[in-house]
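Spelled out, the chains give:
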2 protein chains.
Amino acid sequence: MVNISFEGTESFLSRQPDKKDVQAAFDTLVNRTGAGNDFTGWIDLPENYDKEEFARIKQAAARICSDSKALVVVGIGGSYLGARAVIELLRSPNYNALPKNTPDIYFAGNGISGDALTDIITMLGDRDFSVNVISKSGTTTEPAIAFRIFKQLLERKYGAEGARSRIYATTDRARGALKTLADREGYESFVVPDDVGGRYSVLTAVGLLPIACAGIDIDRLMQGARDERTEIRFRGIESAAVQYAATRQALAQQGKSIEILAAFEPAFRFMAEWWKQLYGESEGKDGKGIFPASVDLTPDLHSMGQYIQDGQRMLQETFVFFSHASASVSVPADEENLDGLNYLAGREMSYINEKAMEATMAAHISGGVPVTQIRLARICEEEVGALIYFFEFACGVSGYLSGVNPFNQPGVEAYKKNMFHLLGKPGY
Amino acid sequence: MVNISFEGTESFLSRQPDKKDVQAAFDTLVNRTGAGNDFTGWIDLPENYDKEEFARIKQAAARICSDSKALVVVGIGGSYLGARAVIELLRSPNYNALPKNTPDIYFAGNGISGDALTDIITMLGDRDFSVNVISKSGTTTEPAIAFRIFKQLLERKYGAEGARSRIYATTDRARGALKTLADREGYESFVVPDDVGGRYSVLTAVGLLPIACAGIDIDRLMQGARDERTEIRFRGIESAAVQYAATRQALAQQGKSIEILAAFEPAFRFMAEWWKQLYGESEGKDGKGIFPASVDLTPDLHSMGQYIQDGQRMLQETFVFFSHASASVSVPADEENLDGLNYLAGREMSYINEKAMEATMAAHISGGVPVTQIRLARICEEEVGALIYFFEFACGVSGYLSGVNPFNQPGVEAYKKNMFHLLGKPGY
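Owing to the predicted nature of the structure, the values given are computational and were not obtained by experimental measurement.

Parameters and conventions
- Residues numbered from 1 in each chain as written.
- Chains lettered and ligands numbered in written order.
- Predicted model: local features only at pLDDT ≥ 70, side-chain atom pairs only at ≥ 80, totals over all residues.
- Heavy atoms only, no water.
- Helix = DSSP H or I, 4+ residues; strand = E, 2+ residues; numbered from the N terminus.
- Rg over C-alpha atoms; globule rule 2.2 N^0.38 Å.
- Buried < 20%, exposed > 50% of the residue type's maximum accessible area, 1.4 Å probe, protein only.
- Contact = heavy atoms within 4.5 Å.
- Areas by Shrake-Rupley, 256 points an atom, 1.4 Å probe, with all protein chains shown as cover.
- Lys, Arg positive; Asp, Glu negative; His and termini not counted.
- Charge placed at Lys NZ, Arg CZ, Asp CG, Glu CD.
- Core = buried A, V, L, I, M, F, W, Y, C linked by side-chain atoms within 4.5 Å.
- Axes fitted to C-alpha atoms, helices over the stretch in contact; angles between N-to-C directions.
- Parallel < 35°, antiparallel > 145°, perpendicular 65-115°, else oblique.
- Nonpolar A, V, L, I, M, F, W, Y, C, P; charged D, E, K, R; others polar.
- Pairing = 2+ DSSP bridges.
- Least-squares fit on C-alpha atoms with pLDDT ≥ 70 in both.
- Domains from an automatic or database assignment.
- Buried area = accessible area lost by both parts, 1.4 Å probe.
- Salt bridge = Lys/Arg side-chain N within 4 Å of Asp/Glu carboxyl O.
- Polar contact = N/O pair within 3.5 Å; in protein donor to acceptor, adjacent residues only side chain to side chain.
- Expected span 1.5 Å × (residues − 1).
- 1 Å grid on protein atoms, 1.4 Å probe; cavity = no way out; pocket = protein on both sides within 12 Å on 5 of 7 lines; lining within 4 Å.
- Points joined across faces, edges and corners; volume = space filled by probe spheres on them.

(A) Main features of the overall build of chain A. The helix and strand inventory of chain A stands at 15 helices and ten strands. The C-alpha atoms of chain A give a radius of gyration of 22 Å, which matches the 22 Å a tight globule of 428 residues would have. Viewed in the frame of its principal axes, chain A has a C-alpha envelope of about 65 × 60 × 45 Å. Sorting the 428 residues of chain A into buried and exposed places 64% on the buried side. Looking at chain A alone, contacts between residues at least 24 apart form 78% of all its contacts between residues at least 6 apart. Put simply, chain A shows about 14300 Å² of open surface, and 46% of that area lies on carbon and sulfur atoms. Averaging the coordinates of the 44 positive side-chain charges in chain A and doing the same for the 55 negative ones gives two points 6 Å apart.

Shown next, in the form of structure tokens:
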């Protein structure tokens, strides 16, 4: 369960968030009466997800694990970040390099770098691999380019027939270029639901298939999300998620326009990237929006830490801390103690990390940065599922509180139009 | 050579930076007359670096390459980020996984995560390895913890004598816990110069030894820095570096308080982290400072792109683009063209990436975000060395323009004091 503490923000709030506004935003979200309500399927998804498809996802993952040493996941934005985030957090940022009985996972088609794509081809070598192509339309440029290339590689290696059984398409239920191709070729297909936008889709097949291929228990992941949803339904605006939304908006109204998400595990780096998409893309509209940034602590205390402590005072910080570490590593004793570290001899690193967290929180608060503290028990499927739902729900409330539609992204069309024109795409 | 274009900023500047102020900041820097002038050794380092030590670095790297399959680099902040940034950019973010005739490189002691440290030990396996411990004082907590653990591992594997020949210490020239230990044990040692602060130290032994171990030509890297220094000395305040500094400050004075560094190669991710330390730690003082953030394009156009296009208009953006890509990858043709991509068939991905960059620049400018464009010829040692020096020099000028000491970091003491108190360190 997601626990939250606002003790580090109270002294900064000149007035508490207006309960009526918070209730209104909450009601708008759960009653589906606000802008973008067509894209609120994620709210009840942990209960009403497609159970048959869920079982098929697990079967597909089992098949991939048995016939492939590598999985290439082709997708961009919401069709990529969530899966990478969860895999790196629940397995490791070094997942591919560590011993395991699941395939290596490579993320392609999330940019236009030939170097990055070439690296993946090199790393695949001549190993058996499969491809999960994730694209609602099938026409988004970056994944479409990568899919052409990896499909060609599969066909050269396995023939057209063999390639077909190694391509898994996550796409629109009924329409679009990828759905058309998948139906014709007989790719095993999964659905990007019509009522769940990309950045809210990690708990759909979009995220779940790659995540399952990494050996993660997606039943437990979904259970965690379901429990957090239950908690929010029970507590309403007093829930941690809604209070987080209300607090960050209230702080923003007092000029804390940048929110820095700070975690104390390097494995959290891509969860922070996922969070930045979720909040940045949901709220960055109409000249508004808290600017989302992230740091990796304690490393970045030796980097951005100076700015957080003493720079412009437009910051609010949100810590994410896991109370119980996985690994048990303690500081060795040393006879000579030249480095002065013997006062820590025998201490667990997790204990030192926690004291560093507390110390940093106090320092930043003294420096004028309000700090919200999110705590989870440990890095495990249930807690990560809960955190995902927590952030998704809070984002919806936060967006409505700030007066935007949290579920569209009209701004991303501008560069695309320009790009298609420069590339000579017909019609542009 | 670092080329820069301000065509994307001109329409935003209500008035050009004041030449007198810019000249004054430049003079203060190059004449060493400003605050922190004790730490300006990096200015002339590409000319006056220790040539004997430089040769020893290369010899040490050769030894490590011959007797080790892995190198563990222990260090934090400036003793870590620069090396990782350069290795990932010049070799690959997937360096360890790619075929090569140099050792795998792992970065330890840059945080207090037991999970991260345990991962490294697992990945080392029973392979031969060496350790480069980088710490001016030898007492910074995170690397001190990691060094105790890896030194112990080395001693268990090779005995005390064998371990000594596999430890390379980069530390103070004369004093401190690590220097004392290194002298006594006979570790090959290198110098963290007294007049170069951590975030400015990548072109000292701090960065150069790990970088050389990755097979990178450090002569060429230094040559690039030297050439950029020559360019700046020749052009003075009209140089790209000074104009970048002046422009970013001028934009900040008009309310563009966040600078987003945007590159079009995922390999640049840690260069951006290095840049954030350089600028954040130099300028985040006295309630001032442009807030440094970064994005990876085009991936983040499907993430933070909405915010950049339409969110709060307090943003300025700096693009970094490499004109010539390393890999040559073109888009395959497809008979059926279901994905509509045939208009790109045969096009190089590098061409498409460049059009995406131009399209994005135009879109963001239309949206109200000034865009400075930094261009380099290609990802190679000379260009990367030049870019490093460019950013370092510009940072010094920028800091003085904003009225701070760019070369200290007093704010990082606050959390440390708290942490030592909570941990029961004697004296706290």
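(B) Structural detail: the nonpolar core. Of all hydrophobic cores here, the largest spans 126 residues; its most connected members are Phe 150, Ile 258 and Phe 291 of chain A together with Phe 150, Ile 258 and Phe 291 of chain B. With residues near it in sequence (within four places) discarded, Phe 291 of chain A still touches Ser 257, Ile 258 and Glu 259 of chain A together with Ile 258, Ile 260, Phe 291, Ala 293, Met 304, Tyr 307, Met 314 and Leu 315 of chain B.

(C) Structural view of the packing of helix α8 (residues 205–213) of chain A against helix α9 (residues 218–235) of chain A. All names here are of chain A. Remark: α8 packs on α9, axes separated minimally by 10 Å, with the N-to-C direction vectors making an angle of 135°. On the basis of the axis angle, α8 is oblique to α9. Here α8 contributes Leu 208, Ile 211 and Ala 212 to the contact with α9, which in turn contributes Ile 218, Leu 221 and Met 222. Its residues placed into classes, the contact of α8 with α9 shows six nonpolar, no polar and no charged.

(D) Structural detail: the sheet that holds strand β4 (residues 129–134) of chain B. Residue and element names in this part refer to chain B. Here five strands make up an open sheet; going across it, the order is β3-β2-β4-β5-β6 and the pairing parallel. In the strand order of this sheet, the two ends are held by β3 (104–108) and β6 (188–191), each with one partner. Direction aside, neighbouring strands of the sheet carry axes that sit 20° apart on average. The pairing of β4 with strand β5 (residues 167–171) spans four bridges and is classified as parallel.

(E) Examining the relation of the copies chain A and chain B more closely. Superposition record for chain A on chain B: RMSD 0.0 Å, screw rotation 180°, translation along axis 0.0 Å. These values place the two chain copies in the arrangement generated by a two-fold rotation axis.

(F) Looking closely at the domain arrangement of chain A. All names here are of chain A. Domain annotation of chain A identifies domain 1 (3–35 + 237–398) and domain 2 (41–216). Using only C-alpha atoms to locate each centre, domain 1 and domain 2 end up separated by 30 Å. Counting from both sides, the interface comprises 25 residues of domain 1 and, opposite them, 21 residues of domain 2. Contact with domain 2 buries area across many residues of domain 1, yet Phe 270, Tyr 389 and Glu 392 alone supply 27% of it, more than any other trio. Inspection of the region where domain 1 meets domain 2 yields two salt bridges. Between Asp 44 and Arg 32 there is a salt bridge, and its shortest N-O distance comes to 2.6 Å. Where domain 1 packs against domain 2, one counts six residue pairs in polar contact (both at pLDDT 80 or more).

(G) Examining the environment of Ile 76 of chain A more closely. Inspection of the secondary structure assignment puts Ile 76 of chain A in the loop between β2 (70–74) and α4 (81–90). Through-space distance from the C-alpha of Ile 76 of chain A to that of Val 133 of chain A is 10.0 Å; in sequence the pair is 57 residues apart. When near neighbours in sequence (up to four residues on either side) are disregarded, Ile 76 of chain A contacts Gly 109, Asn 110, Gly 111, Thr 140, Glu 142 and Pro 143 of chain A together with Thr 298, Pro 299 and His 302 of chain B.

(H) Spotlight on α9 of chain A. Residues and elements named next belong to chain A. Here α9 is 18 residues long and its end C-alpha atoms lie 26 Å apart, about the 26 Å a rise of 1.5 Å per residue gives. Listed as buried for α9 are Ile 218, Leu 221, Met 222, Gly 224, Ala 225, Arg 226, Glu 228, Arg 229, Glu 231 and Ile 232. Its side-chain oxygen at 3.0 Å from the backbone nitrogen of Asp 219, Asp 217 defines the N-terminal cap of α9. Positive backbone phi, approximately 55°, marks Gly 236, located one or two places after α9.

(I) Fine view of the environment of Ala 177 of chain A. One can find Ala 177 of chain A in helix α7 (residues 177–185). With a relative accessible area of 12%, Ala 177 of chain A lands in the buried category. Each C-alpha atom, one on Ala 177 of chain A and one on Gln 409 of chain A, is 21 Å from the other, the two residues being 232 residues apart in sequence. Setting aside residues up to four positions removed in sequence, Ala 177 of chain A forms contacts with Ser 137, Gly 138 and Thr 139 of chain A together with Leu 338 and Asp 339 of chain B.

(J) Representation of the side chain of Thr 360 of chain A within the structure. Note on placement: Thr 360 of chain A falls in helix α13 (residues 349–366). Here the side chain of Thr 360 of chain A touches Ala 356 of chain A through a polar contact of 2.7 Å, landing on its backbone oxygen. Excluding residues that lie within four positions of it along the chain, Thr 360 of chain A makes contacts with Leu 297, Leu 301 and Phe 319 of chain A together with Tyr 415 of chain B.

(K) Structural view of the interface of chain A and chain B. Counting residues at the interface gives 116 residues for chain A, matched by 116 residues for chain B. Carbon and sulfur atoms supply 64% of the area that chain A and chain B bury against each other, a total of about 9600 Å² over both sides. At the boundary of chain A with chain B, the tally comes to six salt bridges. Here Arg 148 of chain B ties to Asp 339 of chain A by a salt bridge, and the two come within 2.7 Å at their closest N and O atoms. Inspection of the region where chain A meets chain B yields 44 residue pairs in polar contact (both at pLDDT 80 or more). Broken down by element, the residue count for the side of chain A that touches chain B peaks at eleven residues, all from α13 of chain A. Partitioning the side of chain A that touches chain B into residue classes produces 55 nonpolar, 38 polar and 23 charged.

(L) Seen up close, empty space enclosed by the protein. Inspection of every chain in the model, using the stated rule, returns eight cavities of 30 Å³ or more. By volume, the largest cavity is sized at about 240 Å³. Taken together, 26 residues line the largest cavity, and the ones lying closest to its centre are Arg 269 and Glu 273 of chain A together with Arg 269, Glu 273 and Lys 276 of chain B. Here the residues of the lining of the largest cavity sort into twelve nonpolar, two polar and twelve charged.

(M) Quick look at the side chain of Asp 104 of chain A. All names here are of chain A. In this fold, Asp 104 is placed in strand β3 (residues 104–108). Looking at Asp 104, the relative accessible area reads 12%, which means it is buried. One polar contact links Asp 104 to Lys 100, side chain to side chain, over a distance of 2.7 Å. Only 3.0 Å separates the side chain of Asp 104 from the side chain of Arg 127, close enough to count as a polar contact. In this view, Asp 104 contacts Lys 69, Ala 70, Leu 71, Tyr 95, Asn 96 and Arg 127; residues no more than four positions away in its chain are not counted.

(N) Local environment of the pattern of salt bridges. Inspection of every chain in the model, using the stated rule, returns 66 salt bridges over all chains. With its nearest N and O atoms 2.6 Å apart, the salt bridge here joins Glu 354 of chain A to Arg 375 of chain A. With Glu 354 of chain A in helix α13 and Arg 375 of chain A in strand β10 (residues 371–378), this residue pair connects regions lying 21 residues apart in the sequence. An identical accessibility class is assigned to Glu 354 of chain A and Arg 375 of chain A; each is buried. Here Lys 20 of chain B and Asp 18 of chain B are joined by a salt bridge, their closest N and O atoms 3.9 Å apart. For Lys 20 of chain B, a relative accessible area of 63% translates into the label exposed. When salt bridges with common partners are traced through the structure, they connect Glu 161, Arg 164, Arg 184 and Glu 185 of chain A together with Glu 336 of chain B into a single cluster.

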